[in-house]
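Secondary and tertiary structure notes
Letter by letter, the chains look like this.
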Amino acid sequence: MLKNYVTTAWRNLRKRAGFAAINVLGLAVGLACCLLIGLYIVDELSFDRFHEHGERIYRMKYTWSNLDETPSPDHFAVWGSAAPGPLLKAEFPEVEQVVRFSGQHRLLLRYEERTFQEENYLYADSTFFEVFSFPLLRGNPDHALAGVNSIILTESAAQRYFGEADPMGQTMLAYNEVDLTVTGIMADVPSQSHIQFDMVISMRTFEDDAPDYMFESWGYVDFFTYVLLRPDADVEAFQAQMPAFVDRHYGEALRSQSPPQNVHLRFEPMYEAYLAPTRGRKMGPQGNANNLYIFGCIGLFVLLIAGINFTNLSTARAVERAREVGVRKVVGAYRPALIRQFLAEAALLALTGMALALVIAEVSLPAFQSLTGKAIQGSILLDPSIVGIMLIITLVVGGMAGAYPALVLSAYRPVEVLKGAFQTSSKGQRLRQGLVVVQFAISIGLIAATLVVFQQLGYLQSQPLGFQAEQQIVLDFGADNLVQDQRIAILDRFEAHPNVVAASATRSVPGGYNPGAGTDVEVPSGAMENLGSNLYEVDFGFMEQLGLELAAGRFFTPALASDSTQALMVNESAARFFGYPTPADLVGKRFSQWGRDGEIIGVVKDFNFHSLHNDVYPLSFRIAPDNTGLFLLTVKAQDIPGTLADLDQIWREVAPHRPFLYDFLDDSFAALYASEQQFGRLFGLFAGLAIFIACLGLFGLATFTAQQRTKEVGVRKVLGATVPELIRLLSVDFLKLVGIAFAVAAPLAYFGMREWLSGFAYQTSLGVGVFVLAGGLALLIALGTVAYQAIRAATVNPVEALRYE
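Scope of this entry: the structure provided in the associated data block. (Residues numbered from 1 in each chain as written. Predicted model: local features only at pLDDT ≥ 70, side-chain atom pairs only at ≥ 80, totals over all residues. Heavy atoms only, no water.)

1. Brief notes about the overall build of the chain
In terms of regular secondary structure, the chain is built from 28 helices and 25 strands. Burial statistics for the chain: of 805 residues in total, 49% are counted as buried. Sequence-distant contacts in the chain: of pairs separated by 6 or more residues, those separated by 24 or more amount to 79%. By element, 57% of the accessible surface of the chain is carried by carbon and sulfur atoms, the whole surface being about 35300 Å². (Helix = DSSP H or I, 4+ residues; strand = E, 2+ residues; numbered from the N terminus. Buried < 20%, exposed > 50% of the residue type's maximum accessible area, 1.4 Å probe, protein only. Contact = heavy atoms within 4.5 Å. Areas by Shrake-Rupley, 256 points an atom, 1.4 Å probe, with all protein chains shown as cover.)

Here it is in structure tokens:
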């Protein structure tokens, strides 16, 4: 019986091979698109799931506020003090274990003749392997990080330094002065880990060389802390005890500040860490939950459009087969048999589309991985879970698409069908028109959203940053003491080059890391209040070299010795933050910052030292060349490759022990928007595919409509209708549907994109022009899709048209 249904279905599909091809292709592209989006979302949601105790691991987050303030969740940062961790373990029985990280600075590491500047490393407590399930291939997890000067390498890092030699027990030189012993080899960190590193150094190595305050002071923030709670721990009850815990250990010091301060601790599940928004320095890759929701919606929209196409073309074909149904019922066919026949045809089409979708997804996977940066393992075609899910989705879509013609046609009385009553009914036509409206409403919404996304990206990249980013080379020397000892001589060598305009040293550059500094400032009342700010520690000339502009006061000058020890500069945001109505009002006021007291000598105009996702925060500058780790070189535009080659040669002469590592400041700052650019590319790709699928369906419907009106077109031509009039006749109904779709989609797209833009401190204007353009593009796309069939029908010989059927 099933064989007969399939055979009959196959014959019917072959009769209308064009319709079948459009149906299958549209469904296949939609399913493939939905599958790739699903793989992307699953990969994003799978971060950190490989840890054995992952559901009990929590990341500690910190924020500071005035004593009487309740901070917003957005104000919590993931890095903070080293002090709370051991105290939590000692005082709370629900804490099974604690591990702290630090590092993520620059580490010069050498073994024999191999030297690399490592940035992807951690200092970690000896409890590292008790909390996390990173597999240690060689070495003892209980002792590998217990001693001073111990280091564990990943397999890739070990290969980089030791090749095929045995690394265990070997000694590596760090910072040109510290011997590290290899005590373990671990597997490379999975890509689905928000903690990424190539090597781990024992925390005792850090402690052995660090001042006591770095580990004992609650005010020194340079660590990440994770806690492993016991299986029976009540997380909410544990969290509720944190205010009293902070007060016991740090409350007196906080209350003695002016104004009185408070520290808030919050515990975030590790499974949420990758997608949770974070402030301050981050560890490893960072996801975006909002983007996942958006891509999930796009996937559903694409699947919906493909299903609408499938349903539309199936119902359109059903009208043509009304007479066939009538004849079959006259000769004895029962309604259940007809229903099964229509459903079998829909299932056959859908399964063919699914098979093609799997092939499309498999072929597209390498390009998709390159576009998204994902490393999706294995073959789609050989994954039974993927095939099973796709089969379920396909059968649901096929069943829904086949249900209408199966149920409606099979219920018609043979006499009415044979008289053509079904063909003159408006029920099927209204259904198809409604589905077209939904289809193009989604398409218009996606076009508008794509335009807004790219408009916002262009807006971010075209905004004046407030500093000179072009022709600035940032040379990283890793705060190397050997380089620091000859810093002035090296800068002189660089400035002697004819293509180097200026050279200076700094700890931070725009777009990069900078520390935060607790800063006491004389406020308008005359009192000294601790208000805090971001900090740039720089050399003389850095601010002028960066092209910063004065709002009040003056720049640092080496002619005044006090500028090196008793002077501070801030930006306009800091002046407002400290309570001064104009920048000039702050000049001459007292400050105290990190052991330095003096007065504020100048205020610079605000510039974007972080990305334009955020407002400009308060920023201070102090002369501290001994704390720098970067050289900033301003070069002429001509012969950049030659200049770089000369600078490399100079570096080999003055610092032969270090690699010549540099970036262009404008490139590194632009990289801050890499995630948005990737999001824009993906959004544009999937939106384009959705529109393509919609156009396939529209093309099929236009073909069907043209065929249904062949005789009418012939009669009109005989009566004198022109080709343009006939094209307008066949197109106007579809264009009206697009107009209705625009009226539905425009307001929804507006509110959706307004919400997306709210995540940016600097936003493009969201005017009606974008949505009118989106509607116009949809109209042109629809017109172009329908025009071919309209022209073809309008230009056919009237004699042939009147002979039709």
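Continuing now.
2. Some remarks on the nonpolar core
Counting 116 residues, the largest nonpolar core has Phe 440, Phe 467, Met 543 and Phe 621 as its most contacted members. When residues of this core are assigned to their parent elements, the largest contribution, 16 residues, is made by helix 2 (residues 17-45). Apart from residues no more than four positions distant in its own chain, Met 543 is found in contact with Leu 548, Phe 555, Phe 556, Met 569, Val 604 and Phe 621. Of all hydrophobic cores here, the second largest spans 27 residues; its members include Phe 129, Phe 134, Phe 224 and Leu 228. (Core = buried A, V, L, I, M, F, W, Y, C linked by side-chain atoms within 4.5 Å.)

3. Thoughts on the packing of aromatic side chains
Going through the model one piece at a time under the given rule, you end up with 50 aromatic pairs. Where Phe 295 meets Phe 686, the ring centres are 6.2 Å apart and the plane angle is 80°; that geometry is what we call edge-to-face. Within this pair, whereas Phe 295 is found in helix 10 (residues 289-320), its partner Phe 686 is found in helix 24 (residues 674-708), the two being separated by 391 residues in sequence. The exposure classification of Phe 295 matches that of Phe 686, with both residues buried. Linked through ring pairs, Tyr 40, Phe 295, Phe 368, Phe 679, Phe 683, Phe 686, Trp 756 and Phe 760 together constitute an aromatic cluster. Sitting above the plane of the Phe 116 ring, Arg 160 keeps its charged end 5.5 Å from the centroid. (Phe/Tyr/Trp six-rings, centres within 6.5 Å; stacked < 30°, edge-to-face > 60°. Lys NZ or Arg CZ within 6 Å of the ring centre and 35° of its normal.)

4. Topic: helix 18 (residues 487-495)
Because an α-helix completes one turn every 3.6 residues, residues spaced three or four positions apart along the sequence face the same direction. Listing the buried residues of helix 18 in full gives Arg 487, Ile 490, Leu 491 and Phe 494. Seen along its axis, helix 18 keeps its buried residues to an arc of 100°; they face one direction. Close packing links the buried residues of helix 18 with strand 13 (472-476), helix 17 (481-485), strand 14 (500-506), strand 24 (630-635) and helix 22 (640-654). (Arc of directions from axis to C-beta.)

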